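# Examination of the molecular architecture
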Amino acid sequence: MGRFPENFLWGGATAANQFEGGVSEGGKGLSVPDVMTGGTKTTPRHVTDGILAGYHYPSHEAVDFYHRYKEDIALYGEMGFKCFRMSINWSRLFPNGDEKQPKQEGIAFYRNVFLECQKYGIQPLVTISHYELPYHLAKEYGGWANREIMDFFLRYCKVLFTEFQGLVHHWLTFNEINILQMGAYGNLMGGGILPPGKDTAVGVLAGLDTSWDDEQRRYTALHHQLVASAKAVAMAHEIDPENKVGCMLLSRIAYPYTCRPDDVLKGQQVMQTANYYCGDVQVRGAYPAFARRLWKEKGIEIPFAAGDREALKEGTVDFFTFSYYSSSTATDDPDVPVANGNMMRGPANPYLEQSQWGWTIDPKGLRYLLNEFYGRWQIPLMIVENGLGAEDQVEADGSIHDEYRIAYMREHIEQMAEAVEDGVELMGYTVWGCTDLVSAGTGEMAKRYGLVYVDKDNEGKGTLERRRKDSFYWYQKVIKSNGENLDCYFH
């Protein structure tokens, strides 16, 4: 046996709101990302009250997977993908989110996508809700803070599980569900909770406005999602016993910045809140013991309704997935410099390098997390987002030499192999942004993650032509060897 199991799910990951486009095709309605403008690492995105003139909304076209899915999936087949993580755009099936019946055009589109995957032997891993709540549900209902959204979500889930039975066997309920424990983007992208005003600047790296944040509302929305997720798991199993349903968290490491006991305790608390608060609910079926103190200190009251606790217990997941890009540290010293990360910020680690966007690069942190998660939950794990955002240069001959991305992926895959040797049951790895797509945090194209280059810029200009990067050929070799051959190779 090699370093990875024979049935290891190598592949790539995308999200409909960053990748799909076709904003008004087939009767699709607006989703929350469709009212978010483009930004950069130095200028904030804006969320607007509907579509306003004079703004570029990158999700409207994204990179046009809607019209180019056959071309894109053929490239994934060429790379040898075993798995393609993608998401459904809820408003493509239910334009407002609260309709009784779905749009048949939307169902037909996704069925064709799944059939195309089947042609190449690629298993779809489908995220049901990936930061794309229908705008109508956000605007008229207040997003996930309104318990009524749960019923609309479960109606949507039932359509997915019945219409795509036999075509999809692996599902994820909510993308990075724990983002609702964070401020502005947690509200907006995780909960579909809109800021006040007609035009509000929001961003992770610049212009972050948290003045409208309400922790009670966010944790209420999160509770509704956790219950809805559990009910969806139970429904998926009932409709098709072959269904396997996982959760998906934004992982966070918080190493103690020093060996001061205060820093060690701070790091433990961050790990508990960021990873185990939601993880325990979805894997163990109940909130962890430390949650009671967290609620008390934040002045939060979780709105348990009749049957909620039973639903959480009955709807535990079959496998656990997470995103991992970087690590952070924890300290109560306000003078320590801060570094950026995936929807989060934390004290900079002096032992680690940083990416162009200020994210620390920490492959060994991935091994650490894999061991922590498997030791706590002992169910199969999968890394469903991992990759390097960078500015790529197209050479005169059309080639893209992204050796920095290859180095990043190689080092993380090496640590995955170490974790498997440690005893972790690891079922797969899907590199984030296998094709260049719109950045969720900044809304830009310049921050590229893909192994396939897309000719498009931050203003939405370009031919949308696809080009294979050096990392494309390297990953092709990695998959073919099932992770044994990680040598650098440039085409």
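Everything discussed here concerns the structure shown above.
Residues numbered from 1 in each chain as written. Predicted model: local features only at pLDDT ≥ 70, side-chain atom pairs only at ≥ 80, totals over all residues. Heavy atoms only, no water.

## Comments concerning the side chain of S91
Heads up, the rule is: Counting from the N terminus, the helices are DSSP H or I runs at least four residues long and the strands are E runs at least two residues long. Throughout this description, a polar contact denotes any pair of N or O atoms lying within 3.5 Å of each other; where both atoms belong to protein, one of them has to be capable of donating a hydrogen while the other can accept it, and for residues adjacent in sequence the pair is counted only when both atoms sit in side chains. In this analysis, two residues are considered to be in contact whenever any of their non-hydrogen atoms come within 4.5 Å of each other.
With respect to the helices, strands and loops of the structure, S91 is situated in helix α3 (residues 90–93). A polar contact of 2.9 Å, which involves the side chain of S91, links it to the backbone oxygen of G29. Residues contacting S91, with those up to four places away along its chain left out, are K28, G29, L30, S31 and P134.

## Here we look at the sheet that holds strand β3 (residues 83–87)
The following threshold applies: At least two bridges found by DSSP between two strands is the condition for calling them paired. To define axes, lines are fitted to C-alpha atoms, for helices over the stretch in contact only, and angles between the resulting N-to-C directions are given on a 0 to 180 degree scale.
Taken in spatial order, the 8 strands of this closed barrel run β1-β3-β4-β5-β7-β9-β13-β14, and their pairing is parallel. In this sheet, neighbouring strand axes are inclined to one another by 25 degrees on average, regardless of whether the strands run parallel or antiparallel. Sheet topology places β3 next to strand β4 (residues 123–129); 5 bridges connect them, and they run parallel. Each residue of the ladder has a partner; that of C83, found in β4, is Q123. Against the sheet, helix α6 (residues 149–163) touches β4 and β5 (170–174), its axis set at about 165 degrees to β4. Sheet strands touched by helix α12 (residues 363–377): β9 (319–323), β13 (381–385) and β14 (426–432). Its angle to β9, the strand with the most contacts, is close to 155 degrees.

## A few points about the packing of aromatic side chains
Here is the rule: Here a Phe, Tyr or Trp ring, Trp counted by its six-membered ring, pairs with any other such ring whose centre lies within 6.5 Å, and the pair is stacked when the planes are under 30 degrees apart, edge-to-face when over 60, and tilted otherwise. Partly exposed describes any residue whose relative accessible area lies between the buried limit of under 20% and the exposed limit of over 50%, with all areas from a 1.4 Å probe on protein chains only and scaled to the type maximum. Here, a charge over a ring means that NZ of Lys or CZ of Arg falls within 6 Å of the ring centre while also lying within 35 degrees of the ring normal.
Evaluation of the coordinates by the stated rule reveals 41 aromatic pairs. The interplanar angle of 80 degrees and the centroid separation of 5.5 Å between the aromatic rings of Y325 and W359 together place this pair among those described as edge-to-face. Placement of the pair is Y325 in the loop between β9 and β10 (328–330) and W359 in the loop between β12 (344–347) and α12, with a sequence separation of 34 residues. Residue Y325 is classed as buried on the basis of its relative accessible area, which comes to 5%. By relative accessible area, which is 11% here, W359 ends up buried. The side chain of R92 reaches across the aromatic face of F109, ending 5.6 Å from its centre. Above the plane of the ring of F472 lies R468, whose end atom (NZ or CZ) is 5.5 Å from the centre.

## Some details on the state of the cysteines
Two cysteines whose sulfur atoms are joined by a covalent bond form what is called a disulfide. Using the following cut-off: Working definition: a disulfide is two cysteine sulfur atoms within 2.5 Å of each other.
For the coordinates displayed, the defined rule picks out 0 disulfides. As a non-bridged cysteine, C83 has C117 as the owner of its nearest cysteine sulfur, 9.1 Å distant. Residue C83 is classed as buried on the basis of its relative accessible area of 2%.

## Regarding unusual backbone geometry
Notably, A62 is not glycine yet its phi reads approximately 50 degrees, a positive angle. Relative to the helices and strands, A62 resides in the loop between β2 (45–48) and α2 (65–79). Accessibility expressed as a relative area gives 0% for A62, which makes it buried. Of note in this structure, N482 is not a glycine but carries a positive phi near 55 degrees. You can call N482 buried: its relative accessible area is 18%.

## Considerations on the pairing of strand β7 (residues 244–250)
Regular strands place side chains that alternate from one sheet face to the opposite one. Among the 7 residues of β7, 6 are classified as buried, and the element is accordingly described as predominantly covered. Where β5 lies against β7, 3 bridges are found, and the strand directions are parallel. Its bridge partner lying in β7, W171 is registered against V245. Across 5 bridges, the pairing between β7 and β9 is parallel. Note that in β9 the partner of L250 across the bridge is S323.

## Side note on the side chain of Q415
Note on placement: Q415 falls in helix α13 (residues 403–422). The exposure class of Q415 is buried, given its relative accessible area of 11%. Sequence-distant contacts of Q415, that is, excluding residues within four places in its chain, are made with P363, K364 and R367.

## Quick notes on the pattern of salt bridges
What counts, and what does not: Any carboxyl oxygen of Asp or Glu within 4 Å of a side-chain nitrogen of Lys or Arg constitutes a salt bridge here.
By the definition in use, this model includes 29 salt bridges. Residue K139 is joined to D49 by a salt bridge in which the shortest nitrogen-to-oxygen separation is 2.8 Å. Of this pair, K139 sits in helix α5 (residues 135–141) while D49 sits in the loop between β2 and α2, and the two are 90 residues apart along the sequence. For K139, a relative accessible area of 42% corresponds to the partly exposed category. Looking at D49, the relative accessible area reads 23%, which means it is partly exposed.

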